[in-house]
Structures are given as C-alpha cells and as structure tokens.
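Each chain, letter by letter, is given below.
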Amino acid sequence: MQGAVERAAEGDTLIVPKGTHAVDNLRIDKALTLTGSEATVLDGGGSGDVIRVAAPGVTLRGLEIRHSGMDLDEMNAGVFVEEAATGTRIEDCFIDRTAWGIWVDGAASPVIRDNRIHGNTEVVSPDRGNGIQLWSVSGGLVTGNEIWETRDGIYIEVSHGGNVLHDNHLHHLRYGVHYMYSHRNEVTNNRTHDTRAGYALMMSDNLEVHHNRSAGDEDYGLLLNYVKQSAIHHNRVAPGPEKCVFVYNAQRNDLHHNRFRGCEVGIHLTAGSFHNRIHENAFLHSRNQVKYVGNREQEWSRDGRGNYWSDYLGWDTDGDGIGDVPYRPNDLVDKLIWKYPLVRILMNSPAVQSLRWIQQQFPALRGPGVTDRHPLMDPGGVAP
C-alpha cells in the first residue's frame, strides 16, 4: 500500500480493492484520495498508527481502519493528522480497536463526517484513547459520527474559533463531548446516552450549545465548569441522570429554552456561579428542582418571564401565563440537609416543620437563594 501511495501523483484517487490489507504506519504525504468499500480493511497489525496524514488535501473514504498500536503516550491512532495536513477529510469510515480513533494535531479545517468509531474493549476504559481528538484546531467540522466504547467520544482542547460538533451519536463512554480551554465554537444537535456525563464543558467561553439531547446518562446531562459568556439553549435532558445540569464557577452564561426532566437534581449551582441568566426553561419532575450553594440572592427571570416549574403551587388570576406569587425552590431546611445530611431523619419532626413555617411568616429569615418572580404556568413553547 505504501508503494502505491508513493507512485501516485498529486490529486490522484486510489481505489483500494476489497479485502484485508496489512499496512505498517501508512504515510500519506501528498494530496490524494483513498477510497474503498465496506469490505476494504486496512489493518495496522497493532503497531503505531494505521494511517498518518502529512499533507494538505487528503481524503479518506469508505475504509475500515483497525488495529493501531495501544501506546497512548505515543498517540497511536487509527488516523493521525499532522499539523501540515490542512483540509483533511475523513468520511464514511469504520475505525475499530485503536488507541485513539482520529487525532487531529493542529491541522486547520478538518472535516470528519459520517464515521463509526469503536474503542478497544480488551483494555479498561481509562487505558483507551478518545474517539476523536482535536488539539489546536480551528475551522473543524465533526458531524454525523457514531462513537462508542472509547474513553470520551469527542475531546477538544485549546481549539479556538469556528469548530462545529454537529449531529453526532455518542454512547457508552465516560463523556460524550469533552471541552477543555476551547473558545468560540458550536455544539449542536448531538445526542448522548449511557455516558457518565453527556456534555462536559470546561474552561471555555463563548460557546453556542443548543438542540442537544442527553438521555440515560449517569452523573450529568450538562456540566458547565468554568464556562463563561456562552449560550446554552434548546437542549433536552431526560430521562435524567443524577443532575440534569451542574454549574460550577460558571459566569455570565445565558441558559434558556432548555428542558430538564426527571433527575435527582434539576440544576445545581455552586462555587461562584453568578451573573448567569436562567429563564424560560422547563424544570420537570426532578426530586430536587434546584440545589443552590451560594450566599447571594439570584433572580431567575428576564423581561418578566421566568421558568416553568412542575412543583409550583401558585396561581394565575389574570390569565397572563405568569404565576402571581414567586417560586422559591429552596429554604433553610434544604441548606441544612445539604450541609448536614443526617438532618434528613428529622424531616417530619415538629422542629423542622416549625422552622419552615417561621420562614414563611418572616421572609427576612429566609437567607439568600434562588427566586423566580415570574414563574411560567405552562411549559408549552418554552422548551423543545
């Protein structure tokens, strides 16, 4: 196979015949298209990379790529894309039993489309690489891929500007999408299930995260950790993990028109998560709708419209769709339970019931927390 690549001219298309072809770190250092069929297999024999792309304008299409080496430190991959290989396209391939599925190492404008990437289940999850790894990439498009049983599905690090993760199916992973130190990118229309966290967004800002789905994930649907100035909207988490959304030291984000249903905690905010705009979301049937650990008052409505809460017990006498009394999800008893979990055994005691009654009669004793002064009466039209 290496000889055929070396003999080809720039711009040629090599049609790889059906069958299994043993390749030893196949290196493509000119603009070529390699195309095969469902029965075309490139087998790396368990050593190094199966394919290494080292030139701009390379396309890989319709290949099964399997059996790279398993040295994570050496970044062994099914396809390793070097920095010089701008505009690489990897389409309609099946990548199986590799350390990293696809590693893009600083190359601009890759297109990774409609591939299936499966991890190596002969090793435990922490010893596997990620399905798609983008490092220092701009202008990338990752769309239509299915990734399962790797460590993380799509991992993107220090990659700023114009990267789009769209319409991917990510399951049986640690994290479906994992963002680190990457700014001004989009995560849209993806779906995750059977992961520990569907979308783990960390140390990043100016993200557009919308129309994603998380169903049956374990710990978090959405995790925002040190995320700033981002728009999180029209996402759906249900049926829920332990926390539909966990917001940790995330500031100046706009969360709206999301639907969070059936979690242990609908939304958990802590560790300096201030100045976020949280409005026109639907919080449905979580055991605890809100867990807010902070010492500042927070208002969760905007322009006279708050959120829909399935446990809101207020009324709407004028029929404008807005509740007449504020919604306050937490009180001092909740905070006592979070701080001292053994207090739960006293939940129905006269002392606890008296404490709650006193707070209702004397609001000044309530302490800082979340208030929605304009709760919505109907979830219809609010969230997808």
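See the structure printed just above.
Residues numbered from 1 in each chain as written. Predicted model: local features only at pLDDT ≥ 70, side-chain atom pairs only at ≥ 80, totals over all residues. Heavy atoms only, no water.

Below, the discussion takes up the state of the cysteines. Counting across every chain of the model gives 1 disulfide. Each sulfur in the disulfide pair C244 and C263 lies 1.9 Å from the other. The disulfide joining C244 to C263 has a torsion of about 90° about its S-S bond and is therefore right-handed. Residue C244 is located in strand β28 (residues 243-248), and its partner C263 is located in the loop between β30 (259-261) and β31 (265-270); the two are separated by 19 residues in the primary sequence. As far as burial versus exposure is concerned, C244 and C263 are alike and both buried. (Disulfide = S-S within 2.5 Å. Helix = DSSP H or I, 4+ residues; strand = E, 2+ residues; numbered from the N terminus. Buried < 20%, exposed > 50% of the residue type's maximum accessible area, 1.4 Å probe, protein only.)

Here we come to a negative patch on the surface. On the surface, E6, E10, D12 and D29 cluster together to form a negatively charged patch. Residue placement: E6 occurs in helix α1 (residues 2-7). (Patch = residues over 30% accessible without salt bridge, like charges linked within 9 Å, V, L, I, M, F, W, Y side chains within 5 Å. Areas by Shrake-Rupley, 256 points an atom, 1.4 Å probe, with all protein chains shown as cover. Salt bridge = Lys/Arg side-chain N within 4 Å of Asp/Glu carboxyl O. Lys, Arg positive; Asp, Glu negative; His and termini not counted. Charge placed at Lys NZ, Arg CZ, Asp CG, Glu CD.)

Let's shift gears to the nonpolar core. Counting 69 residues, the largest nonpolar core has L34, I51, L60, V79, L134 and I267 as the members making the most contacts within it. Leaving out residues up to four positions away in the same chain, L134 has contacts with V104, I112, V142, Y155, I156, E157, S159 and L165. Core analysis: the next-biggest nonpolar cluster, separate from the first, contains 8 residues, Y175, M180, A200 and M202 among them. (Core = buried A, V, L, I, M, F, W, Y, C linked by side-chain atoms within 4.5 Å. Contact = heavy atoms within 4.5 Å.)

As a further point, take the pattern of salt bridges. Applying the stated criterion across every chain yields a total of 17 salt bridges. Taking the shortest distance from any N to any O, the salt bridge between E91 and R89 comes out at 2.8 Å. For R302, the salt bridge goes to D254, with nearest N and O atoms at 3.3 Å. Of this pair, R302 sits in the loop between β35 (298-299) and β36 (308-309) while D254 sits in strand β29 (residues 254-256), and the two are 48 residues apart along the sequence. Here the salt bridges do not stand alone but share partners, grouping R27, D49, R52 and E82 into one network.

This paragraph deals with the side chain of E82. Following the sequence through the fold, E82 ends up in the loop between β9 (77-81) and β10 (89-91). Within polar-contact distance, the side chain of E82 engages the side chain of R27 at 3.1 Å. If we ignore the near neighbours within four places in the chain, the residues touching E82 are R27, R52, V53, A54, D105 and A107. (Polar contact = N/O pair within 3.5 Å; in protein donor to acceptor, adjacent residues only side chain to side chain.)

We now examine the packing of aromatic side chains. Throughout the structure, instances matching the rule amount to 11 aromatic pairs. For the ring pair F94 and W148, a centre distance of 6.5 Å and an interplane angle of 10° mean the geometry is stacked. Of this pair, F94 sits in strand β11 (residues 94-96) while W148 sits in strand β17 (residues 146-148), and the two are 54 residues apart along the sequence. Relative to W309, the ring of F283 lies with its centre 4.4 Å away and its plane at 5°, an arrangement referred to as stacked. Here W309 lies in strand β36 and F283 lies in strand β33 (residues 282-284), a separation of 26 residues in the sequence. (Phe/Tyr/Trp six-rings, centres within 6.5 Å; stacked < 30°, edge-to-face > 60°.)

A few words now on the sheet that holds strand β1 (residues 13-15). Pairing is parallel in the open sheet, where 12 strands are placed in the order β1-β4-β7-β10-β13-β16-β19-β21-β23-β26-β29-β32. Each edge of the open sheet carries a strand with a single partner, namely β1 and β32 (277-279). For this sheet the average axis-to-axis angle between neighbouring strands, irrespective of direction, equals 5°. Pairing between β10 and strand β13 (residues 111-113): 3 bridges, direction parallel. Note that in β13 the partner of I90 across the bridge is I112. (Pairing = 2+ DSSP bridges. Axes fitted to C-alpha atoms, helices over the stretch in contact; angles between N-to-C directions.)

Shape is all these values report; function is a separate question.
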